[in-house]
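For reference, the chains in residue letters:
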Amino acid sequence: VVDPNNLSSFTIQPISLGGEVLGTSSPIMSDDLGNIYCFTNGPTNSKVIQVNTTTFNVVATTSIPGGVPPHSGQINKVDNRLYFAPLGSPFSNMDLNTNTIAQLVIPGSAFTDDMCFIPADPFWFNSNMVLMVAEYRQEGSYNKGGVLIDPDNMTFLDIDILPGFGLWYDPVTYYVLNTSHQ
């Protein structure tokens, strides 16, 4: 039994990444199927690392086109897709069945900071959506504070939203909560 208030009750399990170094601000996500996904931080060759949580072995590594390490990410567990982005552009959409990555360049580097996944729902959106916000606004026509991405069609819509540094989607109320500092 692990006591979350007592760190000494946790077992630290070493995982060999084959010389790779985890990103300093990269997300770690679970697919709830026995795998976690993390990212390495290389100046020109960052990778997605899939680790099995039963054996603690690396299952797969996938190079990220352009090599920019991610800062935020979300998993679409229904469609088995991983969405991620660095502090800047591009937005990446990875098929976890084939480990292929499609990328969408978003003008204005302020957008791609933190994100939340909004699943397709007949009362909300007919397709999956990813909302991304900036931590601050920048001057220019593309910097309204956020962007709404349709990852199924790899298109985006510039939206006016307060800058923030944390997003959460509530599927019961259909609300997106934004932790804003403005």
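Computed from a predicted model, the values in this text were never measured in an experiment. Residue numbers restart at each chain and count upward from 1, following the sequence in its written direction. Per-residue local features of the predicted model are confined to residues with pLDDT of at least 70, and side-chain atom pairs are confined, for both listing and counting, to 80 or more; whole-chain, interface and lining totals are unaffected and use all residues. Excluded from the side-chain calculations are hydrogens and water; all other atoms, namely the structure's heavy atoms, are used.

Caption draft 1: View of the overall build of the chain. The way it works is that DSSP assigns letters per residue, a run of H or I at least four long becomes a helix, a run of E at least two long becomes a strand, and they are numbered from the N terminus. Helices and strands together make up the secondary structure of the chain, namely zero helices and 14 strands. Counted from the first residue to the last, the chain has its helices and strands arranged as β-β-β-β-β-β-β-β-β-β-β-β-β-β. Per-residue accessibility, obtained with a 1.4 Å probe over protein chains only, is compared with the maximum for each type, and a residue is labelled buried under 20%, exposed over 50%, and partly exposed between these values. Out of the 182 residues in the chain, the part that is buried amounts to 45%. Of all intrachain contacts in the chain linking residues separated by at least 6 positions in sequence, the fraction that spans at least 24 positions is 37%. The Shrake-Rupley method, run with a 1.4 Å probe, gives the accessible areas here. Residue values count only the displayed protein chains as cover. If you sum the accessible surface of the chain, you get close to 9800 Å²; carbon and sulfur atoms cover 56% of it. Note on contacts: a residue pair is in contact if any heavy atoms of the two residues lie within 4.5 Å.

Caption draft 2: Local environment of the pattern of salt bridges. Salt bridges are defined as contacts in which a side-chain nitrogen from Lys or Arg sits within 4 Å of a carboxyl oxygen from Asp or Glu. Tallied over the entire structure, the rule returns two salt bridges. Ionic pairing is found between K77 and D32, a salt bridge with its closest N-O pair at 2.6 Å. Residue K77 is located in the loop between β5 (72-76) and β6 (81-85), and its partner D32 is located in the loop between β1 (29-30) and β2 (35-39); the two are separated by 45 residues in the primary sequence. Given the relative accessible area of 46%, K77 is considered partly exposed. Linking R81 and D95 is a salt bridge whose minimum nitrogen-to-oxygen distance equals 3.4 Å.

Caption draft 3: Representation of the environment of F165 in the model. Secondary-structure assignment places F165 in the loop between β12 (155-160) and β13 (167-170). Assessed through its relative accessible area of 42%, F165 is described here as partly exposed.

Caption draft 4: Representation of unusual backbone geometry. Positive phi outside glycine occurs at M154, with the angle close to 55 degrees. Looking at where M154 falls in the secondary structure, it is placed in the loop between β11 (145-150) and β12.

Caption draft 5: Main features of the side chain of R81. Here R81 is to be found in strand β6. Polar contact criterion, stated in full: a pair of N or O atoms within 3.5 Å, where within protein one must be able to donate a hydrogen and the other to accept it, and residues adjacent in sequence count only if both atoms are side-chain atoms. Within the structure, R81 has its side chain in polar contact with the side chain of D95 (distance 3.4 Å). Sequence-distant contacts of R81, defined by excluding residues within four places in its chain, comprise Q74, I75, N76, N93, M94, D95 and L96.

Caption draft 6: How the structure looks around the sheet that holds strand β7 (residues 91-95). An order of β5-β6-β7-β8 is seen for the four strands of this open sheet, with the pairing classed as antiparallel. Of all strands in the sheet, those bounded by a partner on one side alone are β5 and β8 (100-104). Pairs of neighbouring strands in the sheet enclose a mean axial angle of 20 degrees, with direction left out of account. Two strands are said to pair when DSSP picks up at least two bridges between them. The pairing of β6 with β7 spans four bridges and is antiparallel. The residue of β7 that forms the bridge with R81 is D95. Structural elements are reduced to axes, namely lines fitted to C-alpha atoms, with helices fitted over the stretch in contact, and the angle between N-to-C directions of any two is expressed from 0 to 180 degrees.

Caption draft 7: Region of the structure containing the packing of aromatic side chains. Whether two aromatic rings pair depends on their centres lying within 6.5 Å, for rings of Phe, Tyr and Trp, where Trp uses its six-membered ring; planes under 30 degrees apart make the pair stacked, over 60 edge-to-face, and the rest tilted. By the definition in use, this model includes three aromatic pairs. The interplanar angle of 50 degrees and the centroid separation of 5.0 Å between the aromatic rings of F39 and F84 together place this pair among those described as tilted. Separated by 45 residues along the polypeptide, F39 in strand β2 and F84 in strand β6 bring together distant segments of the chain. With a centroid separation of 5.6 Å and 40 degrees between ring planes, the pair formed by Y83 and F117 is classed as tilted.

Distances and angles like these do not, on their own, reveal function.
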